[in-house]
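Descriptive structure summary
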Amino acid sequence: MKISRETLQAALCKRGPVWVPSDAGRWTAVQALPELGPIRPRRPVKDLFTPPRREIARWKAGAGPAEIQPAKPDETPGSVFGVRPCDARALLLLDRTFLQAPYVDPHYKARRDNLLLIGVACQPGPTCYCGVFGFGPDDKDAVDVMLTPEADGFVAQSGSPRGQAFLATVEAGAAVPVAAPRPGPKPEWWTGLPDPKALYANFDHPMWRELGTSCMNCGVCTQYCPTCQCFTVDDESFKGEIQRLRIVDNCQRSDFTRMAGGHNPRQVAASRLRQRVMHKFSYIPTQNPGLVGCTGCGRCVDLCPLDRHLFADVFEIMKRINQEAERVA
Amino acid sequence: MLRDPLLPLPARISERIDETADTVTFHFELLDEAERKAFRYLPGQFGEISAFGEGESTFVIAGDPAKPERLTVTTKRVGAHTEALHHLYAGAVIGFRGPYGKAFPVAEWKGKDIVIAGGGIGLAPLKPIICHVLNQRADYGKLTIVYGARSPNDLMYAADREIWAKALNTELVVTVDKGDANWKGREGFVPAVLRATAPKAENAVAITCGPPIMIKLTLPVFKELGFPAERIFTTLEMKMKCGLGQCGRCNIGPYYVCKDGPVFSVAQLQQLPQEF
Amino acid sequence: MNQALREAVKHLFAEGKVKSVLGYREHPLSKAVVATLITRPEDADTLIFDDRCVQNLARGLSRDLPLPVGIVVKGCDGRAVSMRITEGDFAREQIVAIAVACPGVKADGKNLDERCQRCEMHVSPLADVTVGDVSALPKPEKTRAETIAKIKAMTPAERFEFWQKAFEPCTHCYACREVCPLCSCTVCVTDQNSPRWIEQTAKPSSNLMWHMIRAFHHAGRCVDCGECQRACPEGVPMHLLDLCLAEDVEELFDFKTGIKQGGKWPFLMFDPQDPDSWLGGPHRG
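As a convention, each chain's residues are numbered from 1 in the sequence order in which they are written. Chain A is the first chain written and ligand 1 is the first ligand written, with later ones labelled in order. Owing to the predicted nature of the model, reporting of local features is limited to residues with pLDDT of at least 70; listing and counting of side-chain atom pairs is limited to 80 or more, with chain, interface and lining totals taken over all residues.

All right, on to the overall build of chain B then. Each helix corresponds to a stretch of at least 4 residues labelled H or I by DSSP, and each strand to a stretch of at least 2 residues labelled E; elements are numbered beginning at the N terminus. When helices and strands are counted, chain B shows 8 helices and 15 strands. In terms of overall dimensions, chain B is globule-like: its C-alpha atoms have a radius of gyration of 18 Å, near the 19 Å expected for 276 residues. Principal-axis analysis of the C-alpha atoms places the extent of chain B at approximately 55 × 45 × 35 Å. Taken over 276 residues, chain B has a buried fraction of 49%. Contact between residues is assigned whenever the C-beta positions, reconstructed from backbone atoms, fall within 7 Å. Across chain B, the fraction of contacts at a sequence separation of at least 24, relative to all contacts at a separation of at least 6, is 70%. For a compact globule the rule gives 2.2 Å times the number of residues to the power 0.38, and the radius of gyration it is set against comes from C-alpha atoms. Every C-beta atom is placed from the backbone, and the number of other C-beta atoms within 10 Å of a residue's own sets its class: buried at 20 or more, exposed at 12 or fewer, partly exposed in between.

The following block contains the structure:
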């Protein structure tokens, strides 16, 4: 159905805060829907669900146990406008961890339950590769509503029962035929995803070291990746109060696996890059058949300070493994 | 309302034992009566302990699982958080989350002989197994414990060892790498003493824990004695943070050490990438 | 240029002067210019040098590489290598500097980098081999003083507000640290937790602390390669702070970073007569 920008804006604002990407690419609550760029913003939408720094509890320094104040999950209803399919699909992966009994994260759940995801179809850029994972820039499977921008508004489709219920409350514009979803972009050199078992079998291959010499483990790829979800727990003090925090962490840090006694199984930089690639392309698919720990958003390619193309590297690894397997066969 | 699994439960330290110059055992109880009475754990499971203000650390629950209201951890001073813990005494309140992890399969071991080789603070995760076996004495065969430390001053759990030495169908062999003027006991590294003790592998399981170098040299001895990889167990030491299988820190291969371990058989360990 | 560079590198291998070479190549799939380490002379044919070679390869130097290591260096890069030798990270004979005549690079593919517009040293002062025509290199279009003039003109209160705002987007990813060739501490001050000097979550106090301490640890050591700013995914202008300090250090200590190897450098110089009234405290008379 067609829907004007004003109508949509009014309907969303009525629900509560509307989160949109700011000019700097960060998620901000606004009153007016902005013009969006063609592709995903710099910060992935996961920031609204697994924020970089989230309080678990706080207490006054030196206080007894009765003073522990757990942080309350934020159940404010609202919406997120401008979610791209790559970021939305990534949330499905995060759901597998944080909505999994018996350790459901109540803060994550509260946001997932209360924030309506309003997707906006994109104009894929040169570093996007969502097509590799079987979806495209119009994909509505992971959002509540998918909007396709038009001259005077949007064409809206529902992606979920919740989205359908929302659209039913909005002044219905004319029903319009919906174009077939476009296929997602794939790199021209790509021929297929690596086999998770083959990757695992080649854990000790010397090519990991070669890959590692030109990666400096700065962790920017991890920092901006929509599916990366590692975190740590730590305490910070400020003006007599102590906060226990859940802090988003980065497996590329040199001390990520360092134990208190000093032993660090991943001291060598190349081993940390290997861990990231293996986790995304081998371990996650092994534990979740049909899923990969990547949605092709291309941020790692855009932001790598050394201009590396991490997905191209993964592809080259796969090619090498396949070539060697063929030689043996 | 859902409880945040990262929220610590307050607990009060009831007793502190300075085992060695840098190792302290704390006994503590959960403050909330209902939680305290409902708490259960199995040998090998661990908790996240915090000295409030300094973050959390992972420690195995080194107590007697038959008396779960009293929790125990044995901590070595190695960094900022353990330093903070070692400033605490009976009466202090700490945070606790747990129990986490896969336990030693003690039910599957019924009817078997139990052979334990521990070194230094590695005795901590093994103590709950010993307590369990001695509590259910009729369910298990012979219990052999080979325990060693660098020096007599580094030996832990003196009071418990006195009990074990006199227990039914139990052989306790204590050794030190190097004795002192007063040491009248055995001298020798744990792997060598284990070999000399020569426990039977038939219908027996082996469990070992200790410094990495000790484990590395002890596993071949167990193999020599005839223990197959499926019947040798250990706890994998990998940095763990959340204990929930969520934070990613202990991910190795397709597993999380906090969820799929930390107890692993050697056969299972051989399937993992040999990163650790 | 590419041909001359490849010949020079092959020559170095043939003479046994290097066991490996750090240089630039074009990635076959992504077509981006990336760093590469070659250990065989035939791989020299993948090396390139043009205005896309933005990265400072000196950050890739490590004693784990097959030594002696050759390294393709622009003017700024060579000064960084020079400082690493001065500071004792490498012995002079472990490095073979392949100095290229660099007319400036274009990170955005169109315009000369800001730091290149100011560049006074297009060719590395540390040069075992020189490739390219060093006679026809451009003169600086502006000075460092001009770049930082607006900050120098601010009052202390204005400056504090300026820097607080500048550091606000920082996410503590530490890409600036990882990409900097002079950030070579075994354990960075911000990674230490006994005691914890700087907290690592993103908030105004720790953002300011991190960048301030980082700039001070670079005083007299920064070679103005600008990699930190280029690496920053949030566009934090931390390099401006490095420039301010560099200007002060050059003036106060009459020291230009990375021109010579050896000798003392300001970070190391300490004189008991140095004024310290600003330290304060009851023990100060």
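There's more to say after this.
Here we take up the sheet that holds strand E4 (residues 57-60) of chain B. Neighbouring strands of a sheet are bound in pairs by backbone hydrogen bonds; such pairs are parallel or else antiparallel. Residue and element names in this part refer to chain B. For two strands to be treated as a pair, DSSP must find no fewer than two bridges joining them. With antiparallel pairing, the 6 strands of this open sheet are ordered in space as E4-E3-E6-E1-E2-E5. Here the strands that pair on one side only, and so sit at the sheet edges, are E4 and strand E5 (71-76). Here the average twist between neighbouring strands, direction ignored, is 40°. For strand E3 (residues 46-50) and strand E6 (residues 93-100), the ladder comprises 4 bridges, and the chain directions are antiparallel. Residue pairing across strands places Ser-50 opposite Gly-95, the latter belonging to E6. The convention used is that axes are lines fitted to C-alpha atoms, helices contributing only their stretch in contact, and that angles between N-to-C directions extend from 0 to 180 degrees.

What follows is about the domain arrangement of chain B. All names here are of chain B. The domain boundaries here were taken from an automatic or database domain assignment. By the assigned domains, chain B splits into domain 1 (9-100), domain 2 (113-235) and domain 3 (236-276). Distance between the C-alpha centres of domain 2 and domain 3: 24 Å. Contacts between the two partners involve 7 residues from domain 2, matched on the other side by 9 residues from domain 3. Of the residues forming the side of domain 2 that touches domain 3, the biggest block, 4 residues, is contributed by strand E12 (residues 232-235). Here the side of domain 2 that touches domain 3 is built from residues that sort into 4 nonpolar, 2 polar and 1 charged. For this scheme, ten residues count as nonpolar: Ala, Val, Leu, Ile, Met, Phe, Trp, Tyr, Cys and Pro. Four count as charged, namely Asp, Glu, Lys and Arg, and the remainder, Gly too, count as polar.

The predictor attaches a confidence to each residue, called pLDDT, with possible values from 0 through 100. The predicted model of chain C averages 90 in pLDDT, with 98% of residues at 70 or higher. Here the complex is predicted with pTM 0.91, and the ipTM for its interfaces comes to 0.89.

Okay, the nonpolar core next. Note that soluble globular proteins tend to have their nonpolar side chains buried in a common cluster. Note on terminology: a nonpolar core is a set of buried residues of type Ala, Val, Leu, Ile, Met, Phe, Trp, Tyr or Cys, with members joined through C-beta atoms within 7 Å. Counting 227 residues, the largest nonpolar core has A:Ile118, C:Ile71, C:Val81 and C:Ile98 as its most contacted members. Among the elements that take part in this core, helix H3 (residues 123-135) of chain B stands out by supplying 7 residues, more than any other. Not counting chain neighbours up to four residues away, the residues in contact with C:Ile98 comprise C:Ala8, C:Val9, C:Gly70, C:Ile71, C:Val72, C:Val73, C:Val129 and C:Val131.

To continue, consider unusual backbone geometry. Note the cis peptide between B:Gly261 and B:Pro262, where omega equals 0°. Positionally, B:Pro262 belongs in the loop between helix H7 (257-260) and strand E15 (263-265). Geometrically, the link from C:Leu67 to C:Pro68 is a cis peptide bond, its omega value of 0° lying close to zero. If you trace the backbone, C:Pro68 turns up in the loop between strand E3 (47-48) and strand E4 (69-73). One non-glycine residue, A:Asp307, lies in positive phi territory at about 60°. Considering the arrangement of structural elements, one finds A:Asp307 in the loop between helix H9 (299-303) and helix H10 (310-328). Backbone geometry places C:Asp254, a non-glycine residue, at a positive phi of 50°. On the neighbour-count criterion, C:Asp254 (8 C-beta atoms within 10 Å) is exposed.

Opposite the 25 residues of chain C that make contact, chain A presents 25 residues. Contributions of two or more residues to the side of chain C that touches chain A are made by strand E2 (33-38), helix H6 (175-179) and helix H8 (227-231) of chain C. At 5 residues, E2(C) tops the list of elements feeding residues into the side of chain C that touches chain A. Looking at the side of chain C that touches chain A, its residues break down into 14 nonpolar, 6 polar and 5 charged.

This paragraph deals with the environment of C:Leu22. Residues and elements named next belong to chain C. Within the element layout of this structure, Leu-22 appears in strand E1 (residues 20-26). In the structure, Leu-22 is positioned 188 residues away from Trp-210 in sequence and 30 Å away in space, judged by C-alpha atoms. Apart from residues lying up to four places away in sequence, Leu-22 is in contact with Ala-35, Leu-37, Leu-57, Gly-60, Val-69, Ile-71 and Val-72.

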